[in-house]
Amino acid sequence: MTTLSHAWSWLTTSAHWHGENGIWHRLGEHLWLTALCLLLSCLIALPVALVLGHLGKGGALAVNLSNIGRAVPTFAVLVLLLLTPLGRHGEAPTIVALILFAVPPLLTNAYVGMREVDRDVVRAARGMGMTGSQMLWRVELPLALPLLLTGVRIAAVQLVATATLAALAGGGGLGRIITAGFNLASTPQVVAGAVLVAVFALLVEAIFEVAQRLAPAWARGGPS
Amino acid sequence: MTAGQLTAVLPPADAGAPHDCLARNEWICGEYLSTRRQILWDAVVQHLQLTAVSVVIGLAVALPLAVAARRWRWAAGPVLGVTTVLYTIPSLAMFSLLLPVYGLSATLVVAGLVLYSLTLLVRNILAGLRAVPDETRQAARGMGYGPVRLLLAVELPLALPAAMAGLRIATVSAVSLVTVGAIVGYGGLGNLIYSGMNTYFKAQVLTASVLCVVIAIAADLVLLFAQRLLTPWTRAVRA
């Protein structure tokens, strides 16, 4: 219990919140990294998944990508990228690694969502004379949305975790508070940093949980 | 890398050993494999031990939790809720939160990995138990099976394919997560990646990373094979 009270007093020391290594700065880095990489990986993964799902091609790749992603250690990829020429460009290795690990869940879930759309509905849409792109936008995408959003949620939580690990490889974010704590052999700081990271991850998860509960109302009211 | 690039990159002092890939700090280096065989072997053994111990303990904890969640409806919510929350906490934070309890030890890494594997195992075992058809359960009860025998002889075997799927995912994830244990000095191959990063040792980082993936794939295949042996009826149905 003494460690917890030490961690609490570390957290409530205002000097730890400000400055270059302060909590606010690290939180900002973490948020920025997570949001930017979520946006970039959505831009990369979703069009590919939607087109592949619409055409019904590349299923084996889309589904197996998640399994491959799980077998490759995040930490190894972070360090490998750091040692490539990319490592000389600040946060570039972190951003690339984050995107690499966010793309598989996005791609797999969006693809499976597209394929699980009732084939009868798709055939009915074609019978009504809809073109391929009309079917994609007005029928398949709205029906695939719940699974697609689950993928976004998994990717977001994954991004928060990966961004934390990036600190081990010299990247920014809240993980830096933990690694700095280890370097200083300061257990209170390690625990305080871990609490911040855990709360941040659970908040992201909670935001998506709430958003997902609200989403079906307008998704169902859509053109589907 | 071409010879032209090499001479441009290297300081003159290193030019005397053009055949030494260690001195040139190349990604792929046979010399590294032969000179560091013992270090690599020790790291692989530690990696396998940490993975195996945590998955076995995880299974031992997850099984009663899943059975309890199946038996008592009120238990399912809390069990799934807690394990999901645990799974959401990033690995580095999880290990750090356990630091005051276990200190810088291998136990800390095992405890963290057990907590992660719980989510995957409990969810899959529970899904397997719930998928057992009610008719099957009633038939067994009609044949005079008590609750314990019903669980051991009917429900658990039928839940095995789903449980094994969870075990495979949990094992592959554990192999990957062990590397993060490097932060407390017990990360198996992760230790080599960590020290390789600090010394900018490319061959060490790449070799250890590739070995991690090889271990993950090998473990997955071994469990797949075990699953085939344990559940011969699933193949008979498919054939």
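For the structure, check the block above.
Residues numbered from 1 in each chain as written. Chains lettered and ligands numbered in written order. Predicted model: local features only at pLDDT ≥ 70, side-chain atom pairs only at ≥ 80, totals over all residues. Heavy atoms only, no water.

**With respect to the overall build of chain A**
- Tallying secondary structure elements over chain A gives 9 helices and 0 strands in all.
- Helices and strands in chain A line up, N terminus first, as α-α-α-α-α-α-α-α-α.
- Within chain A, the proportion of its 224 residues that are buried is 48%.
- Of the contacts made within chain A by residues no fewer than 6 positions apart, 74% connect residues no fewer than 24 positions apart.
- In the form shown here, chain A has an accessible surface area of approximately 10,600 Å², with 68% of it arising from carbon and sulfur atoms.
- Once the 13 positive and 9 negative side-chain charges of chain A are each reduced to a mean point, those two points are 6 Å apart. (Helix = DSSP H or I, 4+ residues; strand = E, 2+ residues; numbered from the N terminus. Buried < 20%, exposed > 50% of the residue type's maximum accessible area, 1.4 Å probe, protein only. Contact = heavy atoms within 4.5 Å. Areas by Shrake-Rupley, 256 points an atom, 1.4 Å probe, with all protein chains shown as cover. Lys, Arg positive; Asp, Glu negative; His and termini not counted. Charge placed at Lys NZ, Arg CZ, Asp CG, Glu CD.)

**Concerning the packing of aromatic side chains**
- A full pass over the atoms with the stated rule returns 4 aromatic pairs over all chains.
- Geometrically, the ring pair formed by Trp 17 of chain A and Trp 24 of chain A is tilted, given 5.0 Å between the ring centres and 55° between the ring planes.
- Taking the relative accessible area as the measure of exposure, Trp 24 of chain A reaches 49% and is therefore partly exposed.
- Aromatic pair Tyr 87 of chain B and Tyr 116 of chain B: ring centres 6.0 Å apart, planes at 75°, arrangement edge-to-face. Taken together, the positions of Tyr 87 of chain B in helix 4 (residues 73–88) and Tyr 116 of chain B in helix 6 (residues 106–130) put the pair 29 residues apart, joining distant regions of the chain.
- Classification of Tyr 116 of chain B by relative accessible area gives buried; the value is 6%.
- Sitting over the ring of Tyr 145 of chain B, Arg 149 of chain B keeps its end group 4.1 Å from the ring centre. (Phe/Tyr/Trp six-rings, centres within 6.5 Å; stacked < 30°, edge-to-face > 60°. Lys NZ or Arg CZ within 6 Å of the ring centre and 35° of its normal.)

**Things to note about the interface of chain B and chain A**
- Counting from both sides, the interface comprises 36 residues of chain B and, opposite them, 34 residues of chain A.
- Of the roughly 2,900 Å² buried between chain B and chain A on both sides combined, carbon and sulfur atoms contribute 83%.
- By the criterion of area lost to chain A, the three top residues of chain B are Thr 88, Leu 92 and Met 197 of chain B, representing 19% of everything that side buries.
- Across the contact surface, chain B and chain A share 0 salt bridges.
- The interface formed by chain B and chain A contains 1 residue pair in polar contact (both at pLDDT 80 or more).
- Elements with a contribution of two residues or more to the side of chain B that touches chain A: helix 4, helix 5 (91–102), helix 8 (147–178), helix 9 (189–198) and helix 10 (202–230) of chain B.
- The residue makeup of the side of chain B that touches chain A, split by class, is 26 nonpolar, 9 polar and 1 charged. (Buried area = accessible area lost by both parts, 1.4 Å probe. Salt bridge = Lys/Arg side-chain N within 4 Å of Asp/Glu carboxyl O. Polar contact = N/O pair within 3.5 Å; in protein donor to acceptor, adjacent residues only side chain to side chain. Nonpolar A, V, L, I, M, F, W, Y, C, P; charged D, E, K, R; others polar.)

**Digging into unusual backbone geometry**
Residues and elements named next belong to chain B.
- One non-glycine residue, Asn 25, adopts positive backbone phi at about 55°.
- Structurally, Asn 25 is set in the loop between helix 1 (3–9) and helix 2 (30–35).
- The exposure class of Asn 25 is partly exposed, given its relative accessible area of 21%.
- The phi dihedral of Tyr 200 is positive, around 55°, even though this residue is not glycine.
- By the secondary structure assignment, Tyr 200 is in the loop between helix 9 and helix 10.

**A word on helix 4 of chain B**
- An ideal rise of 1.5 Å per residue puts 22 Å on 16 residues; helix 4 of chain B measures up with 24 Å between its terminal C-alpha atoms.
- Those residues of helix 4 of chain B lying buried are Ala 75, Ala 76, Val 79, Thr 83, Leu 86 and Thr 88 of chain B. (Expected span 1.5 Å × (residues − 1).)

**Some points on the nonpolar core**
- Core analysis: the largest hydrophobic core is formed by 106 residues, its most contacted members being Val 79 and Ile 178 of chain A together with Leu 189 of chain B.
- No other element matches helix 7 (residues 132–165) of chain A, which puts 13 residues into this core.
- When near neighbours in sequence (up to four residues on either side) are disregarded, Leu 189 of chain B contacts Ala 43, Val 44, His 47, Ala 208, Leu 211, Cys 212 and Ile 215 of chain B.
- Within the second largest apolar cluster, 20 residues are counted, among which are Val 67, Leu 120, Val 122 and Leu 223 of chain B. (Core = buried A, V, L, I, M, F, W, Y, C linked by side-chain atoms within 4.5 Å.)

**Some details on a nonpolar patch on the surface**
All names here are of chain A.
- A surface patch of nonpolar side chains, amounting to about 280 Å² of accessible area, comprises Leu 39, Leu 40 and Leu 43.
- Note that Leu 39 resides in helix 2 (residues 23–55).
- The exposed category is assigned to Leu 39, whose relative accessible area is 53%. (Patch = residues over 30% accessible without salt bridge, like charges linked within 9 Å, V, L, I, M, F, W, Y side chains within 5 Å.)

**Section: the environment of Thr 150 of chain A**
All names here are of chain A.
- Tracing the chain through its elements places Thr 150 in helix 7.
- Counting along the chain gives 37 residues from Thr 150 to Gly 113, while the straight-line C-alpha distance between them is 9.7 Å.
- Setting aside its immediate chain neighbours within four residues, Thr 150 contacts Asn 109 and Gln 212.

**Topic: the state of the cysteines**
Residues and elements named next belong to chain B.
- For the structure on display, the rule yields 1 disulfide over all chains.
- Here Cys 21 is linked by a disulfide to Cys 29, with a sulfur-sulfur distance of 2.1 Å. Taking the torsion about the S-S bond as the criterion, the Cys 21 to Cys 29 disulfide, at about 70°, is right-handed. There is no split in this pair, since Cys 21 and Cys 29 are both buried. (Disulfide = S-S within 2.5 Å.)

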